[in-house]
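This is what each chain is made of:
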Protein chains: 4
Amino acid sequence: MQIGVIGLGRMGGNIARRLMDAGHDCVVHDVDKAATERLAGEGATAAGSVAELVASLTAPRAVWVMLPEGEITAKAVAALTEAMSPDDVVIDGGNSFYKDDIRRAGELKAKGLHYVDVGTSGGVWGRERGYCLMIGGETTVVERLDPIFKTLAPGAGEIPPTPGREARDPRVTQGYMHCGPAGSGHFVKMVHNGIEYGLMQAYAEGFDILRNKSSKDLPEDRRYEIDVADVAEVWRRGSVVSSWLLDLTANALAADPALDGFEGRVADSGEGRWTIEAAIEEAAPTPVLAAALFARFRSRQDQSFADRMLSAMRFQFGGHAEAPKGVGEIKKART
Amino acid sequence: MQIGVIGLGRMGGNIARRLMDAGHDCVVHDVDKAATERLAGEGATAAGSVAELVASLTAPRAVWVMLPEGEITAKAVAALTEAMSPDDVVIDGGNSFYKDDIRRAGELKAKGLHYVDVGTSGGVWGRERGYCLMIGGETTVVERLDPIFKTLAPGAGEIPPTPGREARDPRVTQGYMHCGPAGSGHFVKMVHNGIEYGLMQAYAEGFDILRNKSSKDLPEDRRYEIDVADVAEVWRRGSVVSSWLLDLTANALAADPALDGFEGRVADSGEGRWTIEAAIEEAAPTPVLAAALFARFRSRQDQSFADRMLSAMRFQFGGHAEAPKGVGEIKKART
Amino acid sequence: MQIGVIGLGRMGGNIARRLMDAGHDCVVHDVDKAATERLAGEGATAAGSVAELVASLTAPRAVWVMLPEGEITAKAVAALTEAMSPDDVVIDGGNSFYKDDIRRAGELKAKGLHYVDVGTSGGVWGRERGYCLMIGGETTVVERLDPIFKTLAPGAGEIPPTPGREARDPRVTQGYMHCGPAGSGHFVKMVHNGIEYGLMQAYAEGFDILRNKSSKDLPEDRRYEIDVADVAEVWRRGSVVSSWLLDLTANALAADPALDGFEGRVADSGEGRWTIEAAIEEAAPTPVLAAALFARFRSRQDQSFADRMLSAMRFQFGGHAEAPKGVGEIKKART
Amino acid sequence: MQIGVIGLGRMGGNIARRLMDAGHDCVVHDVDKAATERLAGEGATAAGSVAELVASLTAPRAVWVMLPEGEITAKAVAALTEAMSPDDVVIDGGNSFYKDDIRRAGELKAKGLHYVDVGTSGGVWGRERGYCLMIGGETTVVERLDPIFKTLAPGAGEIPPTPGREARDPRVTQGYMHCGPAGSGHFVKMVHNGIEYGLMQAYAEGFDILRNKSSKDLPEDRRYEIDVADVAEVWRRGSVVSSWLLDLTANALAADPALDGFEGRVADSGEGRWTIEAAIEEAAPTPVLAAALFARFRSRQDQSFADRMLSAMRFQFGGHAEAPKGVGEIKKART
């Protein structure tokens, strides 16, 4: 079917390509003209503006917005709202906050438009592997867009079926799910990313323990030289911790076992933060997800005011000096 | 090749079966006669005691001990040490503490015996899927046992190869790894289980947020009814959080979406604890792994002395009463 | 000076009393007539409604609102706004969210009114000890209210002066502080309560360790019978952990060393939650404050869906049964 | 009474001085001759070696060892054991591991000697304020040493008595406590320090939030310039979070509000670590105490291998670049 795509970055561009590969008809727009032209060279219809894109589509239209969440997405949705006609659909495939979705869906409804939020997981691998889609919105509209979702989703693949699912929604085993009304798609995606942070941090801490085990600060008879690249690889087979993130870790460590190409200042996006806020709203204890978020915050700081305050207190009560730079202070353990 | 197996529970029994399926010759023993006889009925040679098992094997012997760690394993190793002759090998395939391995390896060496520690992951699925093996011990002995390890390991399977591993140890891509000297196999397995706790807790917290989102304690316009069984299933395809643990979660939720068959008192084994102790020895911050361990401790308690102490302090300074039973106290959030 | 007080609960009633004890003239109102009359019996002027209270005060008026944060406070402020005349002041002495303060201050300003937010710490002890006041609002208005703040604050007392403060704001050493513009008083109070949760949880965990040390689940030679009431008392003198919260803990434990009078379902108010949200806005890692909040959430639950999910996964991969009820599973430690 | 003191550093020197001030007779030794002579100049009897110190004391002897825990203390205790005669007492006033105490007490008992472990809190302020003492050992021996403990302890002071303690051990309200048999004094002191870490981190995180609130990374209408030195001071009076650590914090901030004199690499001693290990032995969840310990570990690292691993995974799945140096990434919050 015909679809507009706004935002042709790493994610949006590949989404358009995966759709076109399957025979869908894409009208595309990006503020970066080169990006628009690149897609046009691959078969898409280029549009110089949001208004032009809307004009190029046949009603009822569907436009997939794939932009950074926040003001940029808000502006694009506003421009679409302006240009569209009743029964058209705006699909926000980015990482918007689900409460923004609820508000926006209401605003669009007031103008006769539809709003569908799609949490899209898959990263740079999505074009090839397909995207896992978590969809929020009105049932009839989500059904109208089914050809799009079916194409973008990974399909059942060779993943073994789960017993007992026979009577359940078959779209789910194709890799896309209608989660509920507006916002629910991004809510599920938000929690997905919160979990992602927790999983990543669990691996990171474990590999840190393995690697530190060779530290010269440990007594000599307490050290092992463990090949962490091999560990990541061996765990891919038959172990309880095998996962796609572990596959990627094995890739990274095989290429650079010390990971010297990275500095370790880890960004975080809104979803990890909103997940904790959602947990707090629900009075749900989420120590692991919160700890994973804080580890990212901490990774971007050098010693903080909080750290200096600890040193100041220790100096005040005990006359203690700070640990000298570069001393990990691994103590001779006694057991 | 010929091998003895002591301990024929869920793990040991299937290890013997997988070995026999591949043509290895197993002499087996369990304190539970019925277990020994069951395996004998499947082709193994039954032994009524450790001494009898040793006597039934041709030197140099290899005996796989698959017993609960601690005293039970210690007793079996002692009995083997007593009965074996120089150059024989004891393989501890259980979950022993790696410092016990180091000590034991030294004791056996003094008697001319060899000790190999094998961290074995795979659970009840191992017979069919194979076991991921993390091996510690002397190189020549580990090589001598290669046919055993190769059989037990999952093999390369259909898992996509990791680029850049061409020149690396090929055993690793078959699912078994010689990690280093005595204790290193169990050290790597220990960290594996520490990570496992973290991964499990990350999923558990995320699904808890999803499920609580339908709580009647939330304002009505803040609720979603999210089908958590479908979420687990859809994430198996194309998402960043896909993993074997997620596959199992999808199984469990498809069968019983409310998980009412479980009470939620979660056991922990030594490895999760030792992982934190190892991290502390290394002065390595592991907030996620520790939080996951503490969540298990907490799950087995009702309100604790610590909780009552908080209530007591609140009453002291503010005259505050405790939260009444059954009130989750989800607050009307304001955003 | 003359002041109105709305809300005569544990906090508001004592605030009025402390003001009257110092000769201030209080006009009071509470929806509970009995509370209003009780204060009238102690020298206050009773008002049957907010409008009546405003009418009884001489302009420019000052009214202290001491009500539960949220809708109840909002309603009272709205009623005041309606009844007041330009240059009157609303003081919110409760635990409102600082972003609500900012909004309200703007709304009142548009009508020529002033808004002052006061974080008030001291609990049931405040009437006697005085209240620590954290004040946000316009400088001239805060200065106009100085007689009120000075009376409510504890004063310098016998607390040893801090060297180097000679040139600093003398109000601070009297126990009240003008923190900044609207909202800043409640912001500082919010963080105060966040810290309070952390301190309380630190003590609670420590005493839990002391008490568990006598558990029959520990090997006999690992147990101590430690008198926790005595520990709380001895730490009050000369130790690094002495504090007012510890004084209160000693009180509670002297009266009931097992704290059997409490069930351990610990409530939390908005401030602990907003503290974490503020930290997240600032990308500031606050693992201890978050863990303390989550411990309260957890104390109000029995086994959670998250816990059951861990059990379900363990059953799936390992066939593991849950820990039987009442088993703490203290393992025989090995060191 | 007469007592030997070995180890004349910050703690040991002041302990000898406080004892001499009260008329006790001290024989002192330190490997640093200058330290020994300094004390001799203040009235102590100097001893050139442990053996000489023992020879200078009248039996039954009591010797207070105040040395860094671990090998140094072990060596001094061994030298004392060698030189002493039956019924003499070794007092370990340092921060030894309680399991070492248990072992040592057994070894000394075999030679007819006594061993008393004393957890000593008070830091550089102890000479003036007195030391809070947590004592483990045989009842008769602890009673024999009572004059020493009574002198070192702070006494009741002006601290308000706790209601309900009338019938309890009066030593406790003087600031010293006989906690139980060998090791129990250090066990209680260990938990004390574990709590201390938690309290310190709670304050540090809270002040970090206050200080970050002025960050230019926050939207302008979300900032406050809060004087953190004034906040620490105002909370000393009447607030729930007042404590000795807060007094010290106020000192430090009054002298240097930005704490620029500190780098923030925070050392930790054994007790914080052993506290977590004790909690793990007891299966007691201690998320706050563990998080506080991990924050210290983290403060001494720059970006860790764990951090780089997170970056590597993010690059693998999303092509994400790392956060540029110096970017705190405070997001524009939306509420």
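Residues numbered from 1 in each chain as written. Chains lettered and ligands numbered in written order. Predicted model: local features only at pLDDT ≥ 70, side-chain atom pairs only at ≥ 80, totals over all residues. Heavy atoms only, no water.

An unreviewed UniProt entry lists chain A under the name Decarboxylating 6-phosphogluconate dehydrogenase, from Hansschlegelia zhihuaiae. A UniProt comment under Pathway (unreviewed entry) is attached to chain A, and it reads "Carbohydrate degradation; pentose phosphate pathway." You can read under Sequence similarities (unreviewed entry) in the UniProt record for chain A the words "Belongs to the 6-phosphogluconate dehydrogenase family." (UniProt positions renumbered as here; feature names shortened; annotations may be inferred.)

**Student:** Kindly report on the interface of chain A and chain D, identifying the contributing residues and their values.
**Tutor:** Every contact between the two is made by 77 residues of chain A and, on the other side, 77 residues of chain D. Summing the contributions of chain A and of chain D, the shared interface buries around 6,700 Å²; its carbon and sulfur component is 56%. Linking chain A to chain D there are 14 residue pairs in polar contact (both at pLDDT 80 or more). Within the residue set of the side of chain A that touches chain D, elements represented by two or more residues are helix H9 (184-212), helix H11 (244-255), helix H12 (270-281), helix H13 (287-299) and helix H14 (305-318) of chain A. Among the elements that line the side of chain A that touches chain D, the one with the most residues is H14 of chain A, at 14 residues. Among the residues forming the side of chain A that touches chain D, the class breakdown is 32 nonpolar, 19 polar and 26 charged. (Contact = heavy atoms within 4.5 Å. Buried area = accessible area lost by both parts, 1.4 Å probe. Polar contact = N/O pair within 3.5 Å; in protein donor to acceptor, adjacent residues only side chain to side chain. Helix = DSSP H or I, 4+ residues; strand = E, 2+ residues; numbered from the N terminus. Nonpolar A, V, L, I, M, F, W, Y, C, P; charged D, E, K, R; others polar.)

**Student:** Tell me about the pattern of salt bridges, and please be specific about residues and values.
**Tutor:** Under the definition given, this model contains 88 salt bridges over all chains. When the shortest N-O distance is used, the salt bridge between Glu281 of chain B and Arg222 of chain A registers 3.5 Å. On the criterion of chain membership, the pair formed by Glu281 of chain B in helix H12 (residues 270-281) and Arg222 of chain A in the loop between H9 and helix H10 (228-234) is interchain, its members lying in two chains. Among the ionic pairs, Arg237 of chain C bridges to Glu233 of chain C, the shortest N-O distance being 2.9 Å. Like Arg237 of chain C, the residue Glu233 of chain C is buried in the burial classification. (Salt bridge = Lys/Arg side-chain N within 4 Å of Asp/Glu carboxyl O. Buried < 20%, exposed > 50% of the residue type's maximum accessible area, 1.4 Å probe, protein only.)

**Student:** Requested: an account of the sheet that holds strand S1 (residues 2-6) of chain C, with residues and values cited.
**Tutor:** All names here are of chain C. Strand order in the open sheet made by the eight strands is S3-S2-S1-S4-S5-S6-S7-S8, with mixed pairing throughout. On the outer flanks of this sheet lie strand S3 (45-46) and strand S8 (176-180), each paired with one strand and no other. Here strand S7 (residues 132-136) pairs with S8 via four bridges, running parallel. Looking at S8, one finds that Gly136 is bridged to Gly180. Its contacts with the sheet place helix H5 (residues 98-110) against strand S5 (89-92) and strand S6 (114-121), and it is angled at close to 150° to S6. (Pairing = 2+ DSSP bridges. Axes fitted to C-alpha atoms, helices over the stretch in contact; angles between N-to-C directions.)

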